[in-house]
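Structural characterization, general
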Amino acid sequence: MNAANYLVLAGILFTIGAFGVLVRRNAIIVFMSVEMMLNAANLAFVAAARINATLDGQVAAFFVMVVAAAEVVVGLAIIVTIFRTRKSASIDEASLLKY
Amino acid sequence: MLLTNLMALPLIGAAVVFALPIGRELLAKQIALVVSLATAFGAIYLGLNMSTTDGGLQYVESYQWIPAFGINWSVGVDGISAVLIVMATILVPLVMIAGWNDVENIGQGTVKGYFSLFLVLETFMVGVFAATDLFLFYVFFEAMLIPVYFLIGRFGGPQRAYAAMKFLLYSLVGGLFMLASLIGLYVASGKELGNGTFDFTALAGLNMDPATQKILFLGFFFAFAVKAPMVPFHTWLPDAAAQATPATSTLLVGVLDKVGTFGMIRYLLPIFPDASKYYAPVIIVLAVISIFYGALLAIGQTDLLRLVAFSSVSHFGFIVMGIFVMTSQGLSGSSLYMVNHGFSTGALFIVVGFLMTRRGSKYIADFGGVNKVAPVLAGVVLLAGLSSLALPGMSSFVSEFLVLVGTFAYSKTTAVIATFGIVLAAVYILWMYQRTMTGEPSNEVKETVKEISARELAAVTPLIALIIALGFVPQVALNIINPAVEQVQQYVDVQDEPAAVEGAKA
Amino acid sequence: MISALIGLPLAGATILLLGGRRTNAWGHYLAVLMSASSFFVGVSLFSKMLGLEGEERALHQHLFDWIAVGTFNVPFALHLDQLSIAFVLLITGVGTLIHVYSIGYMEHDENRRKFFAYLNLFVAAMLLLVLANNYLLLYVGWEGVGLASYLLISFWQHKPSAAVAGKKAFVVNRVGDVGLSIAVMLMFVTFGSVTFEGVAEAATKADQQTVTWIGLALLLAACGKSAQFPLQSWLLDAMEGPTPVSALIHAATMVTAGVYLIVRAHAIFDLSETARTAVVVIGAITLLLGAYIGTAKDDIKKGLAGSTMSQIGYMILAAGLGPVGYVFAIFHLLTHGMFKAGLFLGAGSVMHGMHDDVNMRHYGALRGFMKVTYVTFGLGFLAIIGIPPFAGFWSKDEIIHAAFGQSTVIGLATLIGAGVTAFYMTRMMTMTFFGEARWEDGVHPHESSNVMTIPMIVLAFGSVFGGLLMLFVGDIEHWLEPVVGFAKPEHHVSNTTLIPITLAVVLAGASYAWFKYGRRPVPVVAPTEVSLLTRAARADAYGDALNEAVFMRPGQHLTRSLTFFDAKGIDGVVNGLAAGIGGLSARTRKTQTGYARNYAAYMLGGAALIAFILYLVRL
């Protein structure tokens, strides 16, 4: 199987994730979409590593996983706090930080 | 060390005043006054000991500051900067006396803030005239804005925030162009000398090619023209002067604006001689426009402070004209004009301040008949006004006439046109006097306007005495200005034209 | 010694102004004393000069170097010669008399001390004007007297008319001062010197055109100070000042400074035919214009002011005739100083007795009530219209004579002027002292006190004998010759024909006035159904209207539109720029919605844009 197909798949997953971030209101879903974009990137890294026959891409994928894990911790904590104060997980309602 | 000490003294004084506990306002004022008086005496000592033959820098000090860029703490004075330092330091204690009660009732801690800001400003004023390193000059040039910004923004009239911001932005924009030119100058000097330098004497000795000069000149000129202020970069001045307290306005117009004209004579001419000659005709036209524009607008004002501010625009036109005609009479006249204008406009602002504190208004229409209720006060207003219209016998006449004679030697038409400015000066001063001081006083004026107090007299008497004394013995100042002016002429490589008649005796 | 002349009155002014109310009680005596001692110093200097020979009579006193920049070197030095001493004696002599008179005239004024301080200041400035040895120092005195005149015209500042008149005088004078400035600058640039001596020495070497320009600039200065056409309008308004001021400043001394200037600068005028012609023309116009205005004035002081203009016109005209006229210009100036001061003091005395009413239509038949005033005024009247052997006859006759020598047109102008002078002075005399009483109710005319009448009597002596003394005893022609030069006028018309003609014209003018105002009753209210000519004369020949239309109103428009332009134009651009930047940021601020997804979209868009650019660049 051609490794380039994995790149296409990664692109599709990234687009879906980006779409999800932009259109969904529920913080959890947005969050999951972000995870999906991260993992799409991971997939691209791994595929690229395979194509170029180097390990750099795989190393980068590990970094992304670590960052994603840290992000999950902070992100979920924020979402939980917002839900507790507002009884809602809609991110549109948390729009006080504006002009 | 004298110059550095002259800068350190007010700064230390400011710190002491500011550190005083709340509730000791009177002590704060007294300390500030004593410190500024001491500085003034130091400056007068310096002025009296200036050489009357040497046009170079004296009292020179130099310490390394940022060696990587060749920046030094270099200070020194020639005759022109010496007289300006003397003028500035004499004005500071006088405006303190005049503004003694300016801010009493605003709030706690403001009194000492007000007075310590004056002292900080004094440090920078001495510094800006004494700096001989262009970078140091730039630092002082910009640093001066800070105390003035607070002085206007905190202690002024109802629109003070607007005025202070306008003043700051104008000055910063000007300063920005100057910074760009300054860096360009550093690079240019690096090309020619091997290492870049900001040292004035080294820069004045450069042989830059005219094209570079013309570009760099503009950056500096813009900054100085905003500061001076010249039409059309003047609109910050009336706003700032009208919103600040009269004491601040005095220092703002009397001293700060002089930095612009001082910069022209001190930096533009010697460092960019070719560019100065190239742009001189345009600048002289702008100056003549300033003379008439300022005077006509002064006639049209309804607000005393704005009137004085616009009269200054007109006076600065004379000063700039005298500088760029580059004759010895023009240059010496302009240098003396800067000093005289400091005193005469200072006196005008201060007396207008007296009127305002009494009547609670700065509008001409609210006055009238003051002469009847407070003849001495009216007399002082008249004297200050006469000095502003350059009555012969007062110092401003000597300088104005020198400028005109110097201009006449350069271009007869320009001088003849500019001479008609003296008619307009008579109109705006005397019409103002007529509307405020003569006639029958209204009831409000009768109730509120009291005769001048001893403290107020103490603030204006020295100014008027100086104005009259310098009118008859201007040589005191001219003796030390003349050699410095000769030096400037040498830098620019210009000579006075001899008289048209062969063998005329001088 | 010379500096004491100026120093004494200056000290008086300083003490009175700085001393404040403490000096109220004795201030006027001090001022009189200072002025009188200055006069005695002048007399002693005069007698010293009499002991010397012609050329050596000039005395110098170098006080200090005033301004020295480059080659511009102006000393603060005084110069007393035959010309200056004549002025010194006139200024301090008449000045002292008027000081004395003012003690009585200003007795009830609460600001009498200030008045005397200003008078002293004036005397000092006027002396500086005539004693300076260079044009720039003369300028100091020149504007110094302008300042004193301003202060004294608007002495009663609470009256708006007085305040306006003072300002007007100063501003119009400033226009003249522009001329003086330009002249001094031209002198420096051309001759490298501004001293009288230096200019006179170098003048012959300069080119004709420059000399003419200097002459014209000096003429402009003279027009301002001496109220000559076209800068004459301030003098009539200047009558708002107290009458002694009008006598001293606006008749005897200050307004004649223009004549002094021209005579002093004779070195310039000798060389320029054009400048001299201009001077003569201005003099002729003013002498007729002033006399014409004088014919229609009901205000006694304004009538005299018109007459002053006219008489100075004679002097200016004479000065413009060159070496044949300089001496007579000064001669007429001196005699005029005496009789006109006397006339003004007489007018003041009348006003004093008539409750400060200046309208001659309310006078009449005063000769019985104010005998001293009547006699002294009458003697002054005979002097001014030029009846021999009174002072004015000698000086005016010489001028008319010299004018005919120059040109018949100019000569006729002076002759007509003499006739009109006789008309308006006779009109003034009859309306005031003859005819039936037309006083308003409650007015009780009375003679003034001795302190006022004695100066009038002294000046009347001057009116009677001044001309004779100066011409025959003082030999003024030869006295002034070393300074200004003197040439015998060419006599196209002989004296024996001219004097009878002049006298006939004078008598014709006087009798016409007598028939018009002496024989017929004078209406108390000025008739309104009058000819256009009379109307124009009442309106000062529309001088003010012209000034207003040409300078004031356009000036006001210009000022107003510039003020508008400054606020809306220049400041509009500045504030518009600020508002524009503010508006732009207010709009961009709106992109910060607070919605996380908007930020994400911007990020996405940005990333896509960068990717696209990279893609493009790689191609």
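Whatever comes next refers back to the structure up there.
The structure reproduced in this document is the subject of the present report. Computed from a predicted model, the values in this text were never measured in an experiment. (Residues numbered from 1 in each chain as written. Chains lettered and ligands numbered in written order. Predicted model: local features only at pLDDT ≥ 70, side-chain atom pairs only at ≥ 80, totals over all residues.)

Before going further, it helps to spend a moment on the overall build of chain C. Across its full length, chain C holds 24 helices and 2 strands. Based on the C-alpha atoms only, the size of chain C along its principal axes is roughly 115 × 65 × 55 Å. Counting every position in chain C, which comprises 619 residues, the buried fraction comes to 57%. Considering only contacts within chain C whose residues lie at least 6 apart along the sequence, 81% involve residues at least 24 apart. (Helix = DSSP H or I, 4+ residues; strand = E, 2+ residues; numbered from the N terminus. Buried ≥ 20, exposed ≤ 12 C-beta atoms within 10 Å, placed from the backbone. Contact = placed C-beta atoms within 7 Å.)

With that out of the way, let us pick up the overall build of chain A. Tallying secondary structure elements over chain A gives 3 helices and 0 strands in all. If you list the helices and strands of chain A from N to C, you get α-α-α. The globule rule puts the C-alpha radius of gyration for 99 residues at 13 Å, and the 16 Å found for chain A is more than 25% above it. By principal-axis analysis of the C-alpha atoms, chain A measures approximately 50 × 25 × 25 Å. Looking at chain A alone, contacts between residues at least 24 apart form 47% of all its contacts between residues at least 6 apart. (Rg over C-alpha atoms; globule rule 2.2 N^0.38 Å.)

With 48 residues of chain C at the interface, the matching set in chain B holds 48 residues. Contributing elements (two or more residues each) for the side of chain C that touches chain B: β1 (59-69), β2 (72-80), α5 (135-153), α6 (160-191), α7 (196-203) and α23 (543-589) of chain C. Tallying contributions element by element places α6(C) first for the side of chain C that touches chain B, with 17 residues. When its residues are assigned to classes, the side of chain C that touches chain B shows 25 nonpolar, 14 polar and 9 charged. (Nonpolar A, V, L, I, M, F, W, Y, C, P; charged D, E, K, R; others polar.)

Once that is clear, we can look at the packing of helix α15 (residues 326-353) of chain C against helix α20 (residues 476-484) of chain C. Residue and element names in this part refer to chain C. Packing of α15 against α20 brings their axes to within 9 Å, and their N-to-C directions diverge by 120°. One way to sum up the angle between α15 and α20 is to call them oblique. Crossing of α15 over α20 shows right-handed handedness. The segment α15 lies against α20, with Tyr326, Val327, Ile330 and Phe331 engaging Ile476, Glu477, Leu480 and Val484. Taken together, the residues of the contact of α15 with α20 break down into 7 nonpolar, no polar and 1 charged. (Axes fitted to C-alpha atoms, helices over the stretch in contact; angles between N-to-C directions. Parallel < 35°, antiparallel > 145°, perpendicular 65-115°, else oblique. Left-handed = near helix turned anticlockwise from the far one by under 90°.)

Moving on, we come to the pairing of β1(C). In the case of a regular strand, side chains alternate between the two sheet surfaces. All names here are of chain C. Sheet analysis places β1 next to β2, joined by 9 bridges and oriented antiparallel. Pairing of aspartate 65 across the sheet is with proline 75, part of β2. Taking the residues between adjacent antiparallel strands as the criterion, β1 and β2 are bridged by 2 residues, where glycine 70 takes a positive phi near 60°. (Pairing = 2+ DSSP bridges.)

Below, the discussion takes up α15(C). Residue and element names in this part refer to chain C. Given a rise of 1.5 Å per residue, 28 residues ought to cover 40 Å, and the 40 Å separating the end C-alpha atoms of α15 matches this to within 8%. A maximum bend of about 25° is found in α15 at histidine 336. With 27 of 28 residues buried, α15 is to be regarded as a mostly interior element. Among the residues trailing α15, histidine 355 stands out with phi positive, at a value near 60°. (Expected span 1.5 Å × (residues − 1). Bend = angle between axes of the 7 residues up to and from the residue.)

Residues and elements named next belong to chain B. Two strands pair when backbone bridges link them, and strand β1 (residues 58-66) and strand β2 (residues 71-77) are joined in this way by 6 bridges, in the antiparallel orientation. Note that in β2 the partner of isoleucine 66 across the bridge is isoleucine 71. The loop that links β1 with its antiparallel partner β2 comprises 4 residues; one of these, glycine 70, has a positive phi angle of about 65°.

What follows deals with unusual backbone geometry. Of the consecutive residues C:Phe229 and C:Pro230, the connecting peptide bond is found in the cis state with omega at 5°. Within the secondary structure layout, C:Pro230 lies in the loop between α8 (208-225) and α9 (233-237). Here the bond from C:Pro388 into C:Pro389 is cis, since omega is 5°, no more than 30 degrees from zero. In this fold, C:Pro389 is placed in the loop between α16 (371-385) and α17 (391-406). Despite not being glycine, B:Met326 has its phi angle at roughly 60°, a positive value. Following the sequence through the fold, B:Met326 ends up in the loop between α13 (304-325) and α14 (328-359). Of note in the backbone geometry, C:Asp356 takes a positive phi value of approximately 60° without being a glycine. Exposure remark for C:Asp356: the 9 C-beta atoms within 10 Å place this residue in the exposed category.

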